[in-house]
Amino acid sequence: MSEIAKIDKELLGQVADLHSVPQGSFNIRKNGESVERNSTKEIQIVSKKDKSGIDIIVAEGVKNRSVHIPVIITVSGLSDLVYNDFYIGKNADVLIVAGCGIHNAGDAKSQHDGIHTFHLADGCKVRYIEKHLGIGSGKGEKILNPTTVIEMENGSNFEMETIQLGGVSYSDRKTTAVLMDDAKLVIKEKVLTDEKQTAKTLFNVTLKGKNSSVEVISRSVAKGKSKQKFISNIKGQNECFGHVECDGIILDNGVIESTPKIVAENINATLVHEAAIGKIAGDQIVKLQTLGLSEEEAQAEIIKGFLK
Amino acid sequence: MIELKNVSYSVFDKDTGKNKEILKNINVVFPKNKVTVITGHNGSGKSTMIKLLMGVLRATSGEILLDGKNLNEMSIDQRAKMGITVAFQNPVRFKGLTVRDLLNLASKSKNSVVDACEFLAKVGLCAKDYVDRELDDSLSGGELKRIELAIALAKGGDVMLFDEPEAGIDLWSFDALVGLFKELKNKTVIIVSHQRKLLESADYILLLDTKKDAILGRRKDILPLLDSPKCRKLGGQII
């Protein structure tokens, strides 16, 4: 296997768990172009005509299907902007795996800005996983700015896992969601930064419908001289439930800033925000040391578990 | 054989501005491969002694020896590797780490549900309900306490330290707990407890009292001392 193919494989494996050609619908975007695609009757993938990107159309009632749309960048100095729209039919139930991996071996910055908009029809269910990764020994920055917009109709269900596990020089993650009656949104975010990296996160969620609910669970680790900024803004406009839990671990000279904002505009809105930032608790390290782990090994295990 | 030789431990007391002695000139040789229960009134230094043996705290003076080898300069993990194992009084919670993760780390191997079952069943828990649970706030104090014991059993070792293992464990499973310690033959078992049933199952009892010298003796010799009115007055009563 050539070195290039090896890098492609590593990136695809890490960001989308792809180790071979995926089953069902998929689109692989490499260095700003779609390089491989499979569109099915149940889940169509169509190129946009007016701008760069694709429309992913999931037919009504489609169950237990998956779509993989990973993006990889393997050249230095490339800036890629893509718009992907997802139209999820009524009562469909699908898994969508996105994510972006940058391998930058050069000194120029490589950047990917992915703007994903989800249009969820009544009663549909989506599990969405996006992983972000930067590798490569070059001095060039690896920048990832994912924007996610989620429009949720009555009774729809969206579970999002957004994971950034290192190597990304700068990321600005913006997620906006509007929920109608009985819609349920769960967001799990995991971010690890090191060296001089910066990661910003903003969640803007409006609970518009009756019995709508959102749960945001953010876990972050800032090592080295890295900086993280977390902002969540949950607005309750009806009888609804919102819960935000933000836990951060700082090591070395890492900095985490967490800004919670909860706005209740309805007497029956229940909104909760919990945030805790600190170093690893000493008694956790001691417990693992009593099992024979060194302090460094204990720290690594605690972080691995925390970000699992 | 684990022993404390002239061990003292003191902490700085902010209120008085003086050093407060928690343990004073303790000389104890824990009988090898026997169960010793440490008992004594609140503040007599029972948990401190467990932490000194494990290396979580360092003695102000004196020596701790394992089979004649001085442990004073040994770190917690070095002592763990030498076969000292502890189940703490207040188990630690971890966000993200599961019961299986801890059992794996403790036994240095990947535990299948079947393997994990062995350790969890010993503490009265059904493995499949617990192996993939996180050791976080979702577990009750009693569940966490049992898991702490299971982790200690999974690690194993020649010297097993248990700090108030019965706390939070419901009474109906108490006999099973007593049975568990009896099963640890060929190990030096040191348990901190106030529970009569545990004291009655011990081979030896170490009585700590801040106002007197520590007394180590066979169960039959120490138990009557604990029932004396004078001892009860000191707060060293057993339940």
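See the structure shown above.
Residues numbered from 1 in each chain as written. Chains lettered and ligands numbered in written order. Predicted model: local features only at pLDDT ≥ 70, side-chain atom pairs only at ≥ 80, totals over all residues.

Visitor: Before we go on, may I ask you to explain the overall build of chain B in this structure?
Guide: Scanning chain B from N- to C-terminus turns up 10 helices and 10 strands. Over its C-alpha atoms chain B spans a radius of gyration of 18 Å, differing by no more than 12% from the 18 Å that the globule rule assigns to 239 residues. Each principal axis of the C-alpha distribution contributes one length, and for chain B these read about 50 × 40 × 40 Å. Expressed as a percentage of its 239 residues, the buried residues of chain B come to 42%. Within chain B, contacts between residues at least 6 apart in sequence are counted, and of these 67% link residues at least 24 apart. (Helix = DSSP H or I, 4+ residues; strand = E, 2+ residues; numbered from the N terminus. Rg over C-alpha atoms; globule rule 2.2 N^0.38 Å. Buried ≥ 20, exposed ≤ 12 C-beta atoms within 10 Å, placed from the backbone. Contact = placed C-beta atoms within 7 Å.)

Visitor: In this structure, what is going on with the packing of helix H2 (residues 282–289) of chain A against helix H3 (residues 295–306) of chain A? I would like to understand it.
Guide: Axes are the key here: two packed helices are described by the angle between their axes and the distance separating the axes. Residue and element names in this part refer to chain A. The geometry of H2 relative to H3 is characterised by a closest axis approach of 9 Å and an angle of 115 degrees between their N-to-C directions. Comparing the axis directions of H2 and H3 gives the class roughly perpendicular. Considering how the two elements wind past one another, H2 and H3 form a crossing that is right-handed. Between H2 and H3, the residues in contact are Gln284, Ile285, Leu288 and Gln289 and Glu295, Ala298, Gln299, Glu301 and Ile302, respectively. (Axes fitted to C-alpha atoms, helices over the stretch in contact; angles between N-to-C directions. Parallel < 35°, antiparallel > 145°, perpendicular 65-115°, else oblique. Left-handed = near helix turned anticlockwise from the far one by under 90°.)

Visitor: Got a minute to help me understand the environment of Leu185(A) in this structure?
Guide: By secondary structure assignment, the location of Leu185(A) is in strand S15 (residues 184–193). Each residue touching Leu185(A), except ones within four places of it in the same chain, is listed here: Ile150(A), Met152(A), Phe158(A), Ala177(A), Leu179(A), Val205(A) and Val214(A).

Visitor: Would you take a moment to explain the nonpolar core for this structure?
Guide: Nonpolar side chains tend toward joint burial in soluble globular proteins. Among the nonpolar cores identified, the biggest contains 82 residues, and Leu53(B), Leu103(B), Ala150(B), Leu161(B) and Ile191(B) are the most heavily contacted of them. No other element matches the seven residues that helix H6 (residues 141–155) of chain B contributes to this core. When near neighbours in sequence (up to four residues on either side) are disregarded, Leu161(B) contacts Ile50(B), Leu53(B), Met54(B), Ile84(B), Thr85(B), Val86(B) and Ile190(B). Listed in part, the 56 residues of the second largest apolar core include Val71(A), Val97(A), Val205(A) and Ala269(A). (Core = buried A, V, L, I, M, F, W, Y, C linked by C-beta atoms within 7 Å.)

Visitor: Even after reading the chapter, I still don't get the interface of chain B and chain A, so can you show me in this structure?
Guide: When the parts come together, some accessible area is lost, and that loss is often what is quoted as the size of the interface. Of the residues lining the interface, 16 residues belong to chain B; the matching set on chain A comes to 17 residues. The set of elements that each furnish at least two residues to the side of chain B that touches chain A consists of helix H2 (76–81) and helix H3 (99–107) of chain B. A per-element tally of the side of chain B that touches chain A places H2(B) first, with four residues. Taken together, the residues of the side of chain B that touches chain A sort by class into 10 nonpolar, one polar and five charged. (Nonpolar A, V, L, I, M, F, W, Y, C, P; charged D, E, K, R; others polar.)

Visitor: Looking at this structure, how should I read the sheet that holds strand S6 (residues 84–87) of chain B?
Guide: Residues and elements named next belong to chain B. Strand order in the open sheet formed by six strands is S6-S7-S8-S3-S9-S10, with mixed pairing between adjacent strands. The two strands at the open ends of the sheet, each matched to only one other strand, are S6 and strand S10 (215–218). The sheet shows a mean angle of 20 degrees between the axes of neighbouring strands, direction not considered. Taken together, the five bridges between strand S3 (residues 35–40) and strand S9 (residues 204–208) define a ladder with parallel strand orientation. Across the sheet, the residue bridging to Val37 is Ile205, located in S9. (Pairing = 2+ DSSP bridges.)

Visitor: Would you mind going over unusual backbone geometry with me for this structure?
Guide: Trans peptide bonds make up the majority, and among non-glycine residues the majority have a negative phi. Residue and element names in this part refer to chain A. Backbone geometry places Asn64, a non-glycine residue, at a positive phi of 50 degrees. The phi angle at Glu195 is positive, at roughly 50 degrees, despite the residue not being glycine. In this fold, Glu195 is placed in the loop between S15 and strand S16 (198–207).

Visitor: Looking at this structure, how should I read the pairing of strand S18 (residues 227–236) of chain A?
Guide: Along any regular strand the residues' side chains alternate between the sheet's two faces. All names here are of chain A. Examined bridge by bridge, S16 and S18 share 10 bridges and lie parallel to one another. Across the sheet, residue Val205 finds its bridge partner in S18, namely Ile234. Here S18 pairs with strand S20 (residues 255–264) via 10 bridges, running parallel. Residue pairing for S20: Lys235 is matched across the bridge by Val263.

Visitor: Explanation requested: the sheet that holds strand S3 (residues 43–47) of chain A in the structure shown.
Guide: The strands making up a sheet associate through hydrogen bonds between their backbones, and the pairing can be parallel or antiparallel. Residue and element names in this part refer to chain A. Taken in spatial order, the nine strands line up as S3-S4-S7-S10-S12-S14-S16-S18-S20 in an open sheet, and their pairing is mixed. Either end of the sheet is taken by a strand with one partner, and the two such strands are S3 and S20. Taken over all neighbouring pairs, the strand axes of this sheet differ in orientation by 10 degrees on average, direction set aside. Pairing geometry for strand S14 (residues 170–179) and S16, over 10 bridges, is parallel.

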